[in-house]
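Architecture at a glance
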Protein chains: 2
Amino acid sequence: MAVNRYAKERLESLVAHLAAGMGVPANDAALFAEVLVDADLHGVSTHGVSRLNIYLQRIDARLIDPQAALTIDRRTGSTLALDAGNGLGQIQARKALDLLLPLARQNGLAAATIRNSQHFGALSWYGNYAASQKMVLMAMTNGEPAMSPEGGFEAFFGTNPIAASFPTGKGFPVKIDLATSTVARGNIIAAQKKGAPIPGGWALDRQGNPTTDASEALLGTVLTMAGHKGYALALMVELFSGALSGSAVGPDVGSMYKNMNRKQDVGHFFCLFDIAAFLDYDEYLRRVDATIDRIKAAKKRPGVEEILVPGERSARQARINGAGGIPLSGETVAELERWCARLKIPFDCPEVVC
Amino acid sequence: MAVNRYAKERLESLVAHLAAGMGVPANDAALFAEVLVDADLHGVSTHGVSRLNIYLQRIDARLIDPQAALTIDRRTGSTLALDAGNGLGQIQARKALDLLLPLARQNGLAAATIRNSQHFGALSWYGNYAASQKMVLMAMTNGEPAMSPEGGFEAFFGTNPIAASFPTGKGFPVKIDLATSTVARGNIIAAQKKGAPIPGGWALDRQGNPTTDASEALLGTVLTMAGHKGYALALMVELFSGALSGSAVGPDVGSMYKNMNRKQDVGHFFCLFDIAAFLDYDEYLRRVDATIDRIKAAKKRPGVEEILVPGERSARQARINGAGGIPLSGETVAELERWCARLKIPFDCPEVVC
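The structure presented is a predicted model; accordingly, all values stated were derived computationally and were not measured. (Residues numbered from 1 in each chain as written. Chains lettered and ligands numbered in written order. Predicted model: local features only at pLDDT ≥ 70, side-chain atom pairs only at ≥ 80, totals over all residues. Heavy atoms only, no water.)

Looking only at helices and strands, chain A has eleven helices and twelve strands in total. The globule rule puts the C-alpha radius of gyration for 354 residues at 20 Å, and the 20 Å found for chain A is close to it. Counting only C-alpha atoms, chain A reaches 55 × 50 × 45 Å along its principal axes. Looking at chain A as a whole, 62% of its 354 residues qualify as buried. Residue pairs at least 24 apart in sequence account for 67% of intrachain contacts in chain A once pairs closer than 6 positions are excluded. (Helix = DSSP H or I, 4+ residues; strand = E, 2+ residues; numbered from the N terminus. Rg over C-alpha atoms; globule rule 2.2 N^0.38 Å. Buried < 20%, exposed > 50% of the residue type's maximum accessible area, 1.4 Å probe, protein only. Contact = heavy atoms within 4.5 Å.)

Okay, here's the thing in C-alpha cells:
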C-alpha cells in the first residue's frame, strides 16, 4: 500500500486523542502517543502507530486497563518491584523510569521489574530520555511466545529483546536494541501483511520444519539468533523480565493478536546507571565519542561504504522524518480513520507534502 | 596430546604454590588457583589452568603486578569504580564481588567497573559464588582486539563476553556465558595448538577474507555472532567494561600473548542483583525451577535427545571431573612441570586413576 507522511506533533495529537477517546487519561494518553510516534520517527514502524489498532482493540475488549495505576509491590534503596496493573506498557514504562531516576542519582544505579504489563514498544524514546539525564539505560522485556529453546520447536520465549542506550556527544545515543531471534517478529508480521515470503533460516513451522511462509512462521516458532547463544540470551531476558518480576513466564505470556480473551501479563526489566557514579561525565563523553570515531574510521570490507554505530541509522531516519514527515502505511492510516470514525474524532492530521 | 586427570584440591594447591612462587601473596594465590581450577572442573579448559603459563610469564616480565591492591577510584551508595592496579584479574574480580555484596544487600543491587586489569578467566566461579549468596550476577569484560565492527575487518573489539548467572533449586545456577563472537577465541587458540583447521564462518584473515586457518584467524579477526547483532552487543560490553571503567578501549587493550612489552589494561563490569529485593527468594526459586522444568519438557526437534538449560552441561561436567579428576592436556602438564622445575616446587599432583 501507499505510504503517506504526517507531521510529528499532529500525529501525536491524533494518537493521544484516540487513546483518550478509549478512556486513557489525557496526560497518560500524551505520554503514550509520544512513545508510539517516536518509534515511527526513528524508522521503527513495526513498533509504532501500526500497533495502535491492537492496543485500542484490547482496551475495547477490557483486556487492557486504560486507567491502570503503577503500584509498588516492593522497594529497597535502589530497586522497585512494580505492578503495571495491566495498563499500557508505554505509559507504565515511562512512569517507572521517572521513579528510577532519583534512586539512580542517589546510589549510582537503580533497577525495576515491572509485571502485569503489555508490549511496551520500541526503545528509542526511553533510551533518548535516559541519555538526556546522563544515564545509561539497560532494558529487557519478555513477550508472547515466539521462539523455542535450542533443540525444541514449541514457541516458548518471546523474541525477548535486550537493549541498552549510552549518551554520546554525537547528537544521538548509541542505541543497542536487538531481539534475540534471528529477526524481530515485527518483520514477519510485516511480511504477512504484505503477503510476502520470509527468507529461509528465520523460522520453523508448527511441525518444526523450516518455512518461508510468514503465516506459518507466526503459528510456528522464530529461530533464536546464533542458535544456542540466542537461546541463552533469551533465557536471561526471560529470567530478569519474567521470573524475577512476577509476570507470566514463557508460554504463559498472552498473545496480543491471538488471545483476545485474556491479558498479556508481560514483564519488563529496567536498569539505570548514573554515569557520573563511575567517572566524570565529560570524560565519559570524550571516551565514547573517541570510540565511535575510531569504529567509523576502521578499514572497511569490500563493498562497504560506511561503518555505522548502532543508533546512527535510526537517528538519521529521525532527522529525515522530522523534516519530511513521518511515514505511515496505507493500512495504518485506514486503521486510524476507522477509529476516528468510531470515536467521532476528526482525522485532523493532514499529509505533509515533501 | 594425552589428557591426564588430577584431583581438584591437589591441583589447586599446586597452582597456588606456583603463583606464590612468582610473588603472589599466599591468600591471593589461593583465590586465584580456585578460580582457575574451577574453570577446568566445569569443562572450560580454555579458561583454566591452560592460561597459568602466560599469566606467570607476564608476572615474570613485570607486565602483571602480583601484589597489586584493588583500590576504589570513586564510590556512591551502590557503585564502585575500581582500579585493579594491573593485578591478576581473577583475584581482583573476587575482591570486587566481596565489596559489592554488602552494597547489593543494602540497596537491592550494586555495580562495579574495574579498570587496569587482565583477562579474568571463566564465569563459573563468580556465578556460583553470587548464586550461593542468593544474588544474580551480570558480568562483562572487554579483551584483546579480536573482532571487527560489522562491515570492517580490523580487530577492534575483544570477543567481549556477556554473562549472567541465576541461582536455581536444581543444584546448579543457570549460567549464561557467551562470547559475542561466532566462537570463543579460546577455541581458535585450541585449534592452533592442535594444528587443526577451523570451520568456515568463524573468522576473517588479515585481508578481510574468510579463512579456515587458525593461525591466520588469530592474526585477523573473529566474526561477530549474528552479524550486526553481535556487533551491537560487543559494543555494549565495550562501553560498560571499557569506556565507563576508564580502562583501555577496543584496539588499545593489550594482547596477553602478542604484547610482551606492555600491560593489557582490560576493563570488567559487574552488576549484582539481590533477588529478595524483587520477590521472596523461595518464590523466585519456584518460578525459576518451573521455567527450567518446562523448557526441558518442550517438544524436541528430530534427532534431539534432551534440551539443556545453559549451565546444565558444565554442572554435569563438574560432577564428572570432581569424581574422576580434572583433565589437563599434556601441553598444560608440561608447562606446569617447567614452572615447578624453575621455581623448585615439587610437582606434587599425582594423576587420578579413574
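Let's pick the thread back up.
Glancing now at the pairing of strand S2 (residues 71-75) of chain B. All names here are of chain B. Where S2 and strand S3 (residues 79-83) come together, four bridges link them in antiparallel fashion. Its bridge partner being in S3, isoleucine 72 is matched across the sheet by leucine 82. Count of turn residues in the S2/S3 antiparallel hairpin: three residues. (Pairing = 2+ DSSP bridges.)

Superposing chain A onto chain B takes a rotation of 180° plus a shift of 0.0 Å along the axis, which leaves an RMSD of 0.0 Å. The operation mapping one copy onto its partner corresponds to a two-fold rotation axis. Taking C-alpha positions as reference, the residue of chain A nearest the rotation axis is alanine 226 of chain A, located at 2.8 Å. Taken as a fraction of all interface residues of chain A, those also at the interface in chain B reach 100%, which identifies the copy contact as same-surface. (Least-squares fit on C-alpha atoms with pLDDT ≥ 70 in both.)

This part is about the nonpolar core. Ranked by internal contacts, the top residues of the largest apolar core, which has 110 residues, are Met236 and Phe273 of chain A together with Met236 and Phe273 of chain B. In this structure methionine 236 of chain A touches Met140 and Ile162 of chain A together with Met138, Ile162, Ala164, Phe166 and Ile176 of chain B, once residues within four positions along its chain are discounted. (Core = buried A, V, L, I, M, F, W, Y, C linked by side-chain atoms within 4.5 Å.)

Our focus in this paragraph is the interface of chain A and chain B. The interface of chain A with chain B comprises 82 residues on the first partner and 82 residues on the second. On the chain A side of the interface with chain B, the three residues burying the most area are Lys229, Phe278 and Arg301 of chain A, jointly 12% of the side's total. At the junction of chain A and chain B, the tally comes to six salt bridges. For the salt bridge of arginine 301 of chain A with glutamate 150 of chain B, the shortest nitrogen-to-oxygen distance reads 3.8 Å. At the junction of chain A and chain B, the tally comes to 32 residue pairs in polar contact (both at pLDDT 80 or more). With ten residues, the single largest contributor to the side of chain A that touches chain B is helix H8 (residues 228-243) of chain A. Per-class residue counts for the side of chain A that touches chain B are 54 nonpolar, 17 polar and eleven charged. (Buried area = accessible area lost by both parts, 1.4 Å probe. Salt bridge = Lys/Arg side-chain N within 4 Å of Asp/Glu carboxyl O. Polar contact = N/O pair within 3.5 Å; in protein donor to acceptor, adjacent residues only side chain to side chain. Nonpolar A, V, L, I, M, F, W, Y, C, P; charged D, E, K, R; others polar.)

So, about unusual backbone geometry. Residue and element names in this part refer to chain B. Positive phi, close to 60°, is recorded for asparagine 116, a residue that is not glycine. For asparagine 116, the location among the structural elements is in strand S4 (residues 109-117). The backbone of aspartate 265 sits at a positive phi, close to 55°, despite the residue not being glycine. You can see aspartate 265 is positioned in the loop between helix H8 (228-243) and strand S11 (266-274). Its relative accessible area of 17% is what places aspartate 265 among the buried residues.

In this section: the pairing of strand S1 (residues 3-6) of chain B. All names here are of chain B. Of the two faces of S1, only the one carrying Asn4 and Tyr6 is buried; Val3 and Arg5 on the other face are not. Where S1 meets strand S12 (residues 326-329), four bridges bridge the pair, whose relative direction is antiparallel. Its bridge partner lying in S12, arginine 5 is registered against proline 327.

To continue, consider the side chain of aspartate 205 of chain B. Residue and element names in this part refer to chain B. Turning to its location among the elements, aspartate 205 is positioned in the loop between strand S8 (203-204) and strand S9 (210-211). Within the buried core, aspartate 205 has no salt-bridge partner, and the shortest N-O distance to an opposite charge, that of arginine 206, equals 7.0 Å. A distance of 2.8 Å separates a polar atom in the side chain of aspartate 205 from the backbone nitrogen of glutamine 207. (Lys, Arg positive; Asp, Glu negative; His and termini not counted.)

Residue and element names in this part refer to chain A. Per the domain assignment, the segments of chain A are domain 1 (1-67 + 323-354), domain 2 (68-181 + 224-280) and domain 3 (281-313). The C-alpha-based centres of domain 2 and domain 3 are spaced at 26 Å. Counting residues at the interface gives 16 residues for domain 2 and 14 residues for domain 3. Contact with domain 3 buries area across many residues of domain 2, yet Lys170, Phe172 and Asp280 alone supply 36% of it, more than any other trio. Here domain 2 is connected to domain 3 by one salt bridge. As a salt-bridge pair, lysine 170 and aspartate 293 come within 2.5 Å of each other at their nearest N and O atoms. Remark: the boundary between domain 2 and domain 3 carries eight residue pairs in polar contact (both at pLDDT 80 or more). (Domains from an automatic or database assignment.)

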